[in-house]
Amino acid sequence: MANQKQPQGRRALIVTGEASGDLHGANLIQAAREIDPGLSFFGVGGRRMEQQGCEILFRGEELAVVGLVEVAAHFPAIYRAFKQLERIFRSEQRPDILILIDFPEFNLRLAAKAKAAGIPVLYYVSPQVWAWRRGRVKTIAQRVDRLAAIFPFEPQLYAGLDIDVEYVGHPLVADLKLTTERDDYLLRHGLDPERPVVGLFPGSRRSELKYIFDTIADTARLLRQQRPQVQFLLPVASSLKHSNFHERLLGTGLEIKMVRDNIYDTARACDAVVSVSGTVTLQIALVETPLAIIYQMNPITYAIGKRLVKVPHIGLVNIVAGKSVVREFIQQDATPEAIGAEVLRMLDDQAYRARIKDDLREVRHLLGEGGCSEKVARMASEMSRGQVRRSEVA
């Protein structure tokens, strides 16, 4: 194969919804540019993918909503995007490969249309079948040619099925970059390194702002009353605007420093973090900052989801560790009083802080050694040339 002339002008359609998927997609595109310059990208994503040269057809953040009620409200926009992508499969823009990143409810349906059109499908950051609807593994095997698994326990879930599953490690490991020292970072943002800093990590989705941010803000207000010297840092995701938060903070009297920086620098600058659930909790874990996780959503969606989800933990940090490393505050239990008490314990109880940091260090070890984007880029390059392997997982 090495001496065979390869086709030029190959195109990959790449689709993701969340800000974390935009980050993983951007790193994949960057790696592919080095490995296979003949492969170009277009599709659904965000600012980071666009900066890496991806032609953006739809903004991922406009399609990524959480919960049955929220999906219903956004259905017309989601449906229009889906139908346009489906038409591309049979047009002059037909891609040589479809790359899917997370975003399972949308992407698994799109995978079925791609397979019907004879387009090879690569799934990266696969649906969380280990959490709920485990029977989906058969559907995934029918619709996906190769799957890049980011957790070591995932390949075995597909044992005996006609799908090529490769554990590539977690993409965040290679993404971890620290660019400045803690004190320098805080001073640059007008904060005092000698005073405690609490991070408020509100996520990247508008639905999270709707259901969770008021709880985060009320927790911050309570902490300020109990510990006036506490300072607050709030990272603003690329999918959101500062104005989304200014409107909700009017009249609270809170002074919160909003930043749009390297998330790892921001997390390391904090002494403790209050965070929504999701990929961001792993980013915080990688710099070993103690955190508390909030999970709140539409009550109807939560009531239905509670019957379907079959894992003992919500937070990825705890799921990867296989035990409760950090506290989770879920739905009605997510009160400012309870969360605030946990933050104060993380700030004041040094033995407790040390235990959490030790456990987060183990989580970091469990996430792999890096090189994930390069491995997936090679898979995409092979598949875009027609080199599709379908083998049973051992």
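Just so it is clear, the model here is predicted, and its values are computed rather than measured. (Residues numbered from 1 in each chain as written. Predicted model: local features only at pLDDT ≥ 70, side-chain atom pairs only at ≥ 80, totals over all residues. Heavy atoms only, no water.)

Caption draft 1: Examining helix 16 (residues 350-366) more closely. Spanning 17 residues, helix 16 covers 25 Å between terminal C-alpha atoms, matching the ideal 24 Å at 1.5 Å per step. Buried residues of helix 16: Tyr352, Arg353, Ile356, Asp359, Leu360 and Val363, and no others. Seen along its axis, helix 16 keeps its buried residues to an arc of 135°; they face one direction. More than 90 degrees from the buried face of helix 16, the exposed residues found are Gln350, Ala351 and His365. (Helix = DSSP H or I, 4+ residues; strand = E, 2+ residues; numbered from the N terminus. Expected span 1.5 Å × (residues − 1). Buried < 20%, exposed > 50% of the residue type's maximum accessible area, 1.4 Å probe, protein only. Arc of directions from axis to C-beta.)

Caption draft 2: Summary view of unusual backbone geometry. If you check the backbone angles, Asp102 has positive phi at about 55° while not being a glycine. Topologically, Asp102 is positioned in the loop between strand 4 (97-101) and helix 5 (104-116). Even without being glycine, Glu288 reaches a positive phi, approximately 65°. Among the secondary structure elements, Glu288 is positioned in the loop between helix 12 (279-286) and strand 12 (291-295).

Caption draft 3: Expanded view of the environment of Ala272. Relative to the helices and strands, Ala272 resides in strand 11 (residues 272-276). The exposure class assigned to Ala272 is buried, which follows from its relative accessible area of 0%. Here the alpha-carbon distance between Ala272 and Arg345, two residues 73 residues apart in the chain, equals 9.7 Å. Excluding its chain neighbours within four sequence positions, the residues that come into contact with Ala272 are Val197, Val198, Gly199, Thr289, Pro290, Val343, Met346 and Leu347. (Contact = heavy atoms within 4.5 Å.)

Caption draft 4: Looking closely at the pattern of salt bridges. Throughout the structure, instances matching the rule amount to 23 salt bridges. Here Glu382 and Arg146 are joined by a salt bridge, their closest N and O atoms 2.8 Å apart. Highlighted residues: Glu382 in helix 17 (residues 372-384) and Arg146 in strand 6 (residues 146-149), separated in sequence by 236 residues. Put simply, Asp218 and Arg221 hold a salt bridge, and the shortest N to O gap is 2.2 Å. Here Asp218 pairs with Arg221, and both are found in helix 9 (residues 206-226), just 3 residues apart, close to one helical turn. Salt bridges linked by common partners bring Arg146, Asp164, Glu166 and Glu382 together as one network. (Salt bridge = Lys/Arg side-chain N within 4 Å of Asp/Glu carboxyl O.)

Caption draft 5: Molecular detail of the packing of aromatic side chains. Summed over all chains, the structure comprises 4 aromatic pairs. Taking 5.5 Å as the distance between ring centres and 0° as the angle between the ring planes, the aromatic pair formed by Phe151 and Phe153 counts as stacked. For the pair Phe213 and Phe245, a centre-to-centre distance of 5.2 Å together with 65° between the ring planes defines the contact as edge-to-face. Here Phe213 is found in helix 9, whereas its partner Phe245 is found in helix 10 (residues 242-249), with 32 residues between them in sequence. The two residues Phe213 and Phe245 agree in class, both being buried. (Phe/Tyr/Trp six-rings, centres within 6.5 Å; stacked < 30°, edge-to-face > 60°.)

Caption draft 6: Looking closely at the confidence of the model for the chain. Residues at a pLDDT of 70 or more form 88% of the chain, whose mean pLDDT is 88. When the elements of the chain are averaged for pLDDT, helix 13 (residues 299-308) gives the smallest value, 58, and strand 5 (residues 121-124) the largest, 98. Across residues 1-7, confidence stays below pLDDT 50; counting only partners more than four residues off in sequence or on other chains, it has 3 contacts. (pLDDT = per-residue confidence, 0-100.)

Caption draft 7: Just the side chain of Asp22, in detail. With respect to the helices and strands, Asp22 occurs in helix 1 (residues 19-35). It turns out Asp22 is buried and unbridged, and the closest side chain with the opposite charge, Arg48, is 4.3 Å from it. From its side chain, Asp22 meets the backbone nitrogen of Gly46 in a polar contact 3.0 Å long. When neighbours within four sequence positions are excluded, Asp22 is seen to be in contact with Thr16, Gly45, Gly46, Arg47, Arg48, Met49 and Ser238. (Lys, Arg positive; Asp, Glu negative; His and termini not counted. Polar contact = N/O pair within 3.5 Å; in protein donor to acceptor, adjacent residues only side chain to side chain.)

Caption draft 8: Representation of the packing of helix 5 against helix 6 (residues 136-143). Taken N-terminus to C-terminus, the directions of helix 5 and helix 6 make an angle of 40°; their axes are 9 Å apart at the nearest point. Viewed along their axes, helix 5 and helix 6 adopt a mutual orientation that is oblique. Listed contacts from helix 6 to Pro104, Glu105, Leu108, Arg109, Ala111, Ala112 and Lys115 of helix 5 are Arg136, Ile140, Gln142 and Arg143. (Axes fitted to C-alpha atoms, helices over the stretch in contact; angles between N-to-C directions. Parallel < 35°, antiparallel > 145°, perpendicular 65-115°, else oblique.)

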